[in-house]
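Chains, contacts and geometry: an overview
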Amino acid sequence: MQLEDIVQSVIDGKSLIAQLPGTTDQALFDFMKDSGFSSRHELMTVFEELLINAREHGGGKSLAVFAQKLMGFLYFVIVDRGPGIHTTLPRNPHLSDTKGKSPMALIRLAMEEGITGTSVVGRGVGLYLLSDYINRNGGEAILISDGGLVVQVRDVSMQKKSSHPWDGTLIAVKVTA
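Residues numbered from 1 in each chain as written. Predicted model: local features only at pLDDT ≥ 70, side-chain atom pairs only at ≥ 80, totals over all residues. Heavy atoms only, no water.

**Observations concerning the pattern of salt bridges**
Two side chains bearing opposite charge may form a pair once their charged atoms approach each other closely. Under the counting rule described, the total for this entry stands at three salt bridges. R136 serves as the salt-bridge partner of E42, at 2.6 Å between the closest nitrogen and oxygen. Taken together, the residues E42 in helix α3 (residues 42-57) and R136 in helix α6 (residues 126-137) connect sequence positions 94 residues apart. A relative accessible area of 47% means that R136 is categorised as partly exposed. A salt bridge links D132 to R136; its shortest N-O distance comes to 2.9 Å. Note that D132 and R136 are positioned in helix α6 at a spacing of four residues, about one turn of the helix. (Salt bridge = Lys/Arg side-chain N within 4 Å of Asp/Glu carboxyl O. Helix = DSSP H or I, 4+ residues; strand = E, 2+ residues; numbered from the N terminus. Buried < 20%, exposed > 50% of the residue type's maximum accessible area, 1.4 Å probe, protein only.)

Shown next, in the form of structure tokens:
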């Protein structure tokens, strides 16, 4: 199954993969355990950080997590209807080069280590850890926010204007299970 199909199905409200029964760390832990991953597996850390990001930056608006193990792959989608990366990233008073940048450029910036929409030290690792994991272990990731879309397949990433309307942020991942 293609990750783009998963993304489109979530956007259409007819997800091809299961929605987790909650957006808690416990729901995520249970899913990962049932999928054969230990709580110490680095992918668990990546997903936990993405969940923290969605809670922190999503404004508590329509947070949902979809995840399923299918045909040897693990699919994971986290969505929120918050303000989006283009709004939260410029809130960091330590970032001076966000004005006038496209949504795609801001997504790419947010994927760098330590770049966050807050001034809290130690944050800004979720998207970086995701990108690093995909780069080192293979797989795919799609990030959509405010009309911007970044696709990463292994160590190659591309950006374009999204044809998928999404208010907030959507992150989809496909990795070998």
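**As for the environment of V46**
Relative to the elements of secondary structure, V46 occurs in helix α3. Placed 81 residues apart in sequence, V46 and L127 show a C-alpha to C-alpha distance of 8.1 Å.

**Concerning the nonpolar core**
Among the nonpolar cores identified, the biggest contains 35 residues, and M32, L43, F47, L50 and F76 are the most heavily contacted of them. Looking at this core, the elements with two or more residues in it are α2 (25-34), α3, β1 (64-70), β2 (73-80), α5 (103-110), α6, β3 (140-145) and β6 (169-176). The contacts of L43, once residues within four sequence positions are left out, are M32, F37, L74, Y133 and V175. V10, V77, I142 and V151 belong to the second largest nonpolar core, which has 19 residues in total. (Core = buried A, V, L, I, M, F, W, Y, C linked by side-chain atoms within 4.5 Å. Contact = heavy atoms within 4.5 Å.)

**What to know about the packing of aromatic side chains**
For the structure shown, the criterion picks out two aromatic pairs. Ring geometry for F47 against F76: centres 3.8 Å apart, planes inclined by 10°, an arrangement best described as stacked. Of this pair, F47 sits in helix α3 while F76 sits in strand β2, and the two are 29 residues apart along the sequence. Relative accessible area serves as the criterion here: at 0%, F47 is assigned to the buried category. Against the face of F73 rests K174, its NZ or CZ located 4.4 Å from the ring centre. (Phe/Tyr/Trp six-rings, centres within 6.5 Å; stacked < 30°, edge-to-face > 60°. Lys NZ or Arg CZ within 6 Å of the ring centre and 35° of its normal.)

**Thoughts on unusual backbone geometry**
Of note in the backbone geometry, M71 takes a positive phi value of approximately 45° without being a glycine. Positioned with a positive phi, D146 is a non-glycine residue whose angle comes to about 50°. Relative to the helices and strands, D146 is located in the loop between β3 and β4 (148-153).

**Side note on the sheet that holds β4**
Strands sit in the order β1-β2-β6-β3-β4-β5 across an open sheet of six strands; the sheet is antiparallel. Each edge of the open sheet carries a strand with a single partner, namely β1 and β5 (156-161). Across this sheet, the average inter-strand angle for adjacent strands is 10°, counted without regard to direction. Direction of pairing for β3 relative to β4: antiparallel, over a ladder of six bridges. Looking at β4, one finds that S145 is bridged to G148. (Pairing = 2+ DSSP bridges. Axes fitted to C-alpha atoms, helices over the stretch in contact; angles between N-to-C directions.)

**Quick word on α2**
In an α-helix, one turn spans 3.6 residues; hence positions three or four apart end up facing the same way. Among all positions of α2, only A27, L28, F31 and M32 are buried. The buried residues of α2 all sit within an arc of 130° when viewed along its axis, so they share a single face. Opposite the buried face of α2, at more than 90 degrees from it, the exposed residues are K33 and D34. Turning to α2, the residues buried within the fold contact α3, β1 and β2. Positive backbone phi, approximately 95°, marks G36, located one or two places after α2. (Arc of directions from axis to C-beta.)

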